[in-house]
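Descriptive analysis of the structure
This is what each chain is made of:
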Amino acid sequence: MAPTEIACDGFTYTSGQFYAKERVEQIDATRLKALFLPRVSPGRNALLQRHRDGSFVRGQLQQYGLDCHKRYFSGNDIPLLRKMLQAGL
């Protein structure tokens, strides 16, 4: 039997895990800082490879309740995530 999936307000809950859009799991802010500050580390490649469409950064911002106008998004959105982390995400 397939696991039950519940979707509401852009989030999905299935198999005991919450996801933002495109099945993006929340990454702890401390780990995000280690991966993206002061420079982008090689460990972030696996995360970004799973979400080549830029949904990783948008999903993290959604998980943390940060709403950004789409004009701030471009490319893979890493500069935006770094800016948010530097501001204290």
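Because the structure is a prediction, the values reported are computed rather than measured. (Residues numbered from 1 in each chain as written. Predicted model: local features only at pLDDT ≥ 70, side-chain atom pairs only at ≥ 80, totals over all residues. Heavy atoms only, no water.)

Of regular secondary structure, the protein possesses 4 helices and 3 strands. Each of the 89 residues in the protein was classed as buried or not, and the buried ones make up 35%. For the protein, the accessible area works out to roughly 6100 Å², and carbon and sulfur atoms hold 51% of it. (Helix = DSSP H or I, 4+ residues; strand = E, 2+ residues; numbered from the N terminus. Buried < 20%, exposed > 50% of the residue type's maximum accessible area, 1.4 Å probe, protein only. Areas by Shrake-Rupley, 256 points an atom, 1.4 Å probe, with all protein chains shown as cover.)

Let us look at the pairing of strand β1 (residues 5-8). With 4 bridges connecting them, β1 and strand β2 (residues 11-14) associate as antiparallel partners. When the bridges of β2 are listed, Ala7 appears paired with Thr12. Between β1 and β2, which pair antiparallel in sequence order, lie 2 residues; one of them, Asp9, sits at a positive phi of approximately 55°. (Pairing = 2+ DSSP bridges.)

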